[in-house]
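Given next are the chains, with one letter for each unit.
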Amino acid sequence: MIPLVPFHFVRHGETDWNKTGRMQGRRDIALNATGEAQAEKLRPHIGGHGFRTIAASPLSRARRTAEILNRDQKLPLHLFDELQEFDVGPYEGTEARDWFLEWRLGRPVAGVESFADFTTRVRSAMQQVLALPGPVLVVAHGGVVWALEHLMGLPVETDLPNTILAHFRPTPDTAPRWRIDVLETQA
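Bear in mind the structure is a predicted one, so any value in this text is a computation, not a measurement.

Concerning the side chain of Arg 104
Here is step 1: Inspection of the secondary structure assignment puts Arg 104 in helix α4 (residues 100–104).
Here is step 2: Residues contacting Arg 104, with those up to four places away along its chain left out, are Phe 115, Trp 146, Val 156, Glu 157 and Asp 159.

Notes on the packing of aromatic side chains
Any two aromatic rings considered together are summarised by their centre-to-centre distance and by the angle between their planes.
Here is step 1: Under the definition given, this model contains 15 aromatic pairs.
Here is step 2: Ring geometry for Phe 86 against Trp 103: centres 4.0 Å apart, planes inclined by 20°, an arrangement best described as stacked. Of this pair, Phe 86 sits in the loop between β3 (77–79) and α4 while Trp 103 sits in helix α4, and the two are 17 residues apart along the sequence. For the pair formed by Phe 86 and Trp 103, the shared burial category is buried.
Here is step 3: Note on Trp 99 and Phe 100: the rings are 4.8 Å apart at their centroids and 90° apart in plane angle, and the pair reads as edge-to-face.
Here is step 4: Taken together, Phe 86, Tyr 91, Trp 99, Phe 100, Trp 103, Phe 115, Phe 118 and Trp 146 form an aromatic cluster joined through their ring pairs.
Here is step 5: The ring of Trp 146 carries the charged tip of Arg 104 above its face, separated from the ring centre by 4.2 Å.

Concerning the side chain of Thr 53
Here is step 1: Following the sequence through the fold, Thr 53 ends up in strand β2 (residues 53–56).
Here is step 2: Thr 53 gets classed as buried once you look at its relative accessible area, which sits at 1%.
Here is step 3: Polar contacts involving the side chain of Thr 53 include one to the main-chain carbonyl oxygen of Pro 133, which spans 2.6 Å.
Here is step 4: Residues in contact with Thr 53, not counting those within four places in the same chain, are Leu 75, Pro 76, His 78, Leu 132, Pro 133, Pro 135, Val 136 and Leu 137.

A few points about the packing of helix α2 (residues 33–42) against helix α3 (residues 60–69)
Here is step 1: Two numbers describe how α2 lies on α3: the axes approach to 8 Å, and their chain directions differ by 35°. You can see that α2 and α3 cross each other, and the crossing is right-handed. Seen from α2, the contacting residues are Glu 36, Ala 39, Glu 40 and Leu 42; seen from α3, they are Arg 64, Thr 65, Ile 68 and Leu 69.
Here is step 2: A class-by-class count of the residues in the contact of α2 with α3 yields four nonpolar, one polar and three charged.

So, helix α6 (residues 142–151)
Here is step 1: Among the 10 residues of α6, nine are classified as buried, and the element is accordingly described as predominantly covered.
Here is step 2: Along α6, the residues classified as buried are Gly 142, Gly 143, Val 144, Val 145, Trp 146, Ala 147, Leu 148, Glu 149 and Leu 151.
Here is step 3: At the exit of α6 stands Gly 153, carrying a positive phi of roughly 75°.

Focus: the nonpolar core
Here is step 1: Phe 7, Phe 9, Met 126 and Leu 148 are the most contacted members of the largest nonpolar core, which totals 38 residues.
Here is step 2: When neighbours within four sequence positions are excluded, Met 126 is seen to be in contact with Ile 2, Phe 7, Leu 83, Val 138 and Leu 148.
Here is step 3: Counting 13 residues, the second-largest nonpolar core is a separate cluster that includes Val 10, Ile 54, Ala 66 and Leu 137.

Observations concerning unusual backbone geometry
Here is step 1: With an omega of 5°, the peptide bond between Gly 134 and Pro 135 qualifies as cis.
Here is step 2: Here the phi dihedral of Lys 74 falls at roughly 55°; this positive angle occurs in a residue that is not glycine.
Here is step 3: Turning to its location among the elements, Lys 74 is positioned in the loop between α3 and β3.
Here is step 4: Its relative accessible area of 66% is what places Lys 74 among the exposed residues.
Here is step 5: Within the chain, Thr 163 stands out as a residue other than glycine whose phi angle is a positive 55°.
Here is step 6: As for its position among the elements, Thr 163 is in the loop between α6 and β5 (165–170).
Here is step 7: The buried category is assigned to Thr 163, whose relative accessible area is 1%.

What counts, and at which threshold
Throughout this document, residue positions are counted from 1 along each chain, in the order its sequence is written. Per-residue local features are limited, in this predicted model, to residues with pLDDT of at least 70; the limit for side-chain atom pairs, both in listing and counting, is 80 or more; totals at the level of whole chains, interfaces and linings are taken over all residues. For side-chain calculations, the full set of non-hydrogen atoms in the structure is used, while hydrogens and water are omitted. A run of DSSP states H or I qualifies as a helix once it reaches four residues; a run of E qualifies as a strand once it reaches two. Both are numbered from the N-terminal end. The contact criterion used is simple: two residues touch if any of their non-hydrogen atoms lie within 4.5 Å. Stacked, tilted and edge-to-face are the three classes assigned to paired rings of Phe, Tyr and Trp, where Trp is represented by its six-membered ring and a pair needs centres within 6.5 Å; plane angles under 30 degrees give stacked, over 60 edge-to-face, the rest tilted. Each residue's exposure class comes from its accessible area (1.4 Å probe, protein chains only) as a fraction of the maximum for that residue type: buried when under 20%, exposed when over 50%, partly exposed otherwise. Any Lys NZ or Arg CZ found within 6 Å of a ring centre and within 35 degrees of that ring's normal is scored as a charge over the ring. Polar contacts, as used here, are pairs of N or O atoms within 3.5 Å; protein pairs need one atom able to donate a hydrogen and one able to accept it. Residues neighboring in sequence count only if both atoms are side-chain atoms. Here an axis means a line fitted to C-alpha atoms, over the contact stretch when the element is a helix, while the angle between two N-to-C directions is reported on a 0 to 180 degree scale. If you view the pair so one helix is near and one far, a crossing is left-handed when the near helix is turned anticlockwise from the far one by less than a right angle, and right-handed when it is turned clockwise. In this classification, the charged set is Asp, Glu, Lys and Arg, the nonpolar set is Ala, Val, Leu, Ile, Met, Phe, Trp, Tyr, Cys and Pro, and all remaining amino acids, among them Gly, are polar. Within this scheme, the nonpolar core is defined by two criteria: the residues are buried Ala, Val, Leu, Ile, Met, Phe, Trp, Tyr or Cys, and they are joined through side-chain atoms within 4.5 Å.

Listed below in structure tokens is the structure:
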């Protein structure tokens with residue numbers, strides 16, 4: 001479990017590998033021009049949420065998205081290695097995704113960071129992140145959303161598009177204990 005503290009989440013902007021459907025995992029692929037524009041488009045929507053801190057993956061696609069979103073806010077920006085995308089091993093740079101379902105169900109896939117190890121890493125990061133002054137904005141990767149869903153007892157199924165603002169919030173006294181609301185979408 002992670003602390004029952006609400007937070008907001010943004011998946012990084014588009015990269016050339018996102019655009020062509022290539023797996024990028026832990027490879028440090030930069031935002032492309034579309035990704036930069038997506039972050040710029042979301043930037044004006046960030047100020048109204050009262051964020052006090054931004055936490056991000058140090059991979060450049062997430063870090064750069066966080067920097068753009070933070071341009072007007074000038075909030076403390078904390079980088080967490082544990083928020084990096086999962087290691088896709090031999091699938092790095094390929095379009096192969098036939099192993100995703102098995103992996104998300106917790107079954108081992110040769111050469112790929114296990115889902116259990118990945119969720120343990122994300123849990124560690126979120127315990128640190130949610131101890132920061134809040135409300136907190138987290139900027140990371142699509143796989144991190146799956147790990148969060150698992151840790152929250154939700155179905156592991158959300159494919160959050162690039163630069164969409166989502167609100168993760170606890171729902172005390174109801175099952176499931178967490179809810180994910182998409183707040184801003186790309187037009």
